[in-house]
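Structure assessment
Read off the chains here:
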Amino acid sequence: MSSPALPGGTLLQGDLTLSRFGYGAMQLAGPGVMGPPADRDAALAVLREVVELGITHIDTAGVYGPRFTNRLIREALHPYPETLHVATKVGAERDEQGGWPPAREPGDLRRAVHENLEDLGLEVLDLVNLRLGNAMGPQPESVATAFETLVELRQEGLIRHLGVSNATAEQVAEARSIAPIVCVQNMYNLAHRQDDKLIDELADEGIAYVPFFPLGGFSPLQSSALSAVAARLNATPMSVALAWLLQRSPNILLIPGTSSLAHLRENVAGAGLRLSPEDLAELDTIGR
Ligand SMILES: NC(=O)c1ccc[n+]([C@@H]2O[C@H](COP(=O)([O-])OP(=O)(O)OC[C@H]3O[C@@H](n4cnc5c(N)ncnc54)[C@H](OP(=O)(O)O)[C@@H]3O)[C@@H](O)[C@H]2O)c1
């Protein structure tokens, strides 16, 4: 494995050294994140390139495919390099329409953790996020029973570190009152700035913030200000969006998704772009 310096360097969370430039594996499943990828060899090649590039943080979930993406990760990369950390999520399932209904009863969570272990070929999961809310976003409700189940699974030696996802600030606080967390994974990007305050608070507490949909997800980011800054810097809008996140706060870990080798390389190359105070001020107008 080569290890060229990746944009953003690394962040230490608990005993995990995570490259701030990580990889989100959701795009590797078939259309609608259901079934196998259209081009299996291409998906395996993307995963192998992730490791070749020196990335040490892959984000996945048993619900991608479901189960197809985790099995691809295992096929491409097992036995895993010691430096690689695969973070997964539990707390949802897939229905026949491709929906993502919650599945956060203790039995659901136990089953999901065991399926992740089996599909990834691991005896212990480095990082498990409790996925809260629903497809509409975070929903106010207690996380206690579900989070306590994950704490039990950690005490049983099946999980090393915990996080929460799709969570309100109140749910982050409730989870932290039960057990330490190393990260919060919520939707956030240049155009969706609802977690600005939370990111700063977590940075002060040494907790990572992992924005999902960093490039806009299923609706790619589009903005005249973003295009203008990108044109001025002779860069792509995606590079600017990723560079902005890395510069937004030192506790941010990137997990951009792609099924394309070319996009993966382009994103790694572009995210190191240095944005000036003028660029940042112009980009700041997008999500305000
Ligand atoms: N916790 C949660 O509830 C939750 C929800 C959603 C996602 N996630 C996680 O967050 C990760 C990132 O989210 P995401 O993949 O949905 O969205 P994203 O990273 O915002 O965007 C991915 C999309 O951008 C495209 N793309 C990537 N690089 C590009 C480039 N250089 N030029 C043009 N298009 C480019 C990809 O298409 P190509 O494949 O063609 O490159 C894909 O359609 C996921 O993989 C998943 O691990 C978590």
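Residues numbered from 1 in each chain as written. Predicted model: local features only at pLDDT ≥ 70, side-chain atom pairs only at ≥ 80, totals over all residues.

**Let's talk about unusual backbone geometry**
Put simply, Gly 65 and Pro 66 share a cis peptide bond, and its omega is -25°. Within the secondary structure, Pro 66 is located in the loop between strand E4 (57-59) and helix H2 (68-77). Residue Pro 79 is reached from His 78 by a cis peptide bond, and omega for that bond is 0°. In this fold, Pro 79 is placed in the loop between H2 and strand E5 (85-90). Phi is positive for Arg 67, close to 75°, though the residue is something other than glycine. (Helix = DSSP H or I, 4+ residues; strand = E, 2+ residues; numbered from the N terminus.)

**Description of the pairing of strand E7 (residues 159-165)**
Across the 7 residues of E7, 6 count as buried, placing the element largely inside the fold. Two strands pair when backbone bridges link them, and strand E6 (residues 125-131) and E7 are joined in this way by 6 bridges, in the parallel orientation. Bridge assignment links Arg 131 to a residue of E7, and that residue is Ser 165. Between the parallel pair E6 and E7, the chain is carried across by helix H4 (residues 144-155), and the sense of this crossover is right-handed. Relative to strand E8 (residues 183-187), E7 runs parallel, the two sharing 3 bridges. Note on E8: the bridge partner recorded for Ser 165 is Gln 185. As for the winding sense of the linkage, the β-α-β connection from E7 through helix H5 (residues 169-178) to E8 is right-handed. (Buried ≥ 20, exposed ≤ 12 C-beta atoms within 10 Å, placed from the backbone. Pairing = 2+ DSSP bridges. Right-handed = clockwise from strand over helix to strand, strands pointing away.)

**What about the site of the ligand?**
In the vicinity of the ligand, 27 residues are found, and the nearest of them are Gly 24, Met 26, Leu 215, Gly 257 and Thr 258. For the shell around the ligand, the element with the most residues is helix H9 (residues 261-270), which contributes 3 residues. Of the residues assigned to the shell around the ligand, the class counts are 10 nonpolar, 13 polar and 4 charged. (Near = placed C-beta within 6 Å. Nonpolar A, V, L, I, M, F, W, Y, C, P; charged D, E, K, R; others polar.)

**Looking at H5**
Of all the residues in H5, the buried ones are Gln 171, Val 172 and Ala 175. Along the axis of H5, the buried residues cluster in a sector spanning 105°; they form a single face. In this structure, H5 carries Ala 173 and Ser 177 as exposed residues pointing more than 90 degrees from its buried face. Among the structural elements, H4, E7, E8 and helix H6 (196-205) are those in contact with the buried residues of H5. (Arc of directions from axis to C-beta. Contact = placed C-beta atoms within 7 Å.)

**As for the sheet that holds E8**
Pairing in this open sheet of 7 strands is parallel, and the strands run E3-E4-E5-E6-E7-E8-E9 from one edge to the other. In the strand order of this sheet, the two ends are held by strand E3 (23-24) and strand E9 (208-212), each with one partner. Note that E8 and E9 share 5 bridges and pair parallel. Across the sheet, the residue bridging to Asn 186 is Pro 211, located in E9.

**Structural notes on the nonpolar core**
Ranked by size, the top nonpolar core spans 83 residues in total, and within it Val 50, Val 164, Ala 241 and Leu 254 carry the most contacts. Here the element with the most residues in this core is helix H8 (residues 237-248); it accounts for 8 residues. Look past the residues within four positions of Val 50 in its chain and what remains in contact with it is Tyr 23, Ile 55, Ile 58 and Leu 264. (Core = buried A, V, L, I, M, F, W, Y, C linked by C-beta atoms within 7 Å.)

**Here's the deal with the environment of Asn 134**
Within the secondary structure, Asn 134 sits in the loop between E6 and H4. The partly exposed category is assigned to Asn 134, around which 14 C-beta atoms lie within 10 Å. Taking C-alpha positions, Asn 134 is 15 Å from Glu 105, a pair spaced 29 residues apart along the chain.

**A word on the UniProt feature "domain: NADP-dependent oxidoreductase" (unreviewed entry) in the protein chain**
Under the present numbering, the feature "domain: NADP-dependent oxidoreductase" (unreviewed entry) in UniProt falls on residues 22-286. Between the first and last C-alpha atoms of residues 22-286 the distance is 24 Å; the span itself is 42% helix and 13% strand. (UniProt positions renumbered as here; feature names shortened; annotations may be inferred.)

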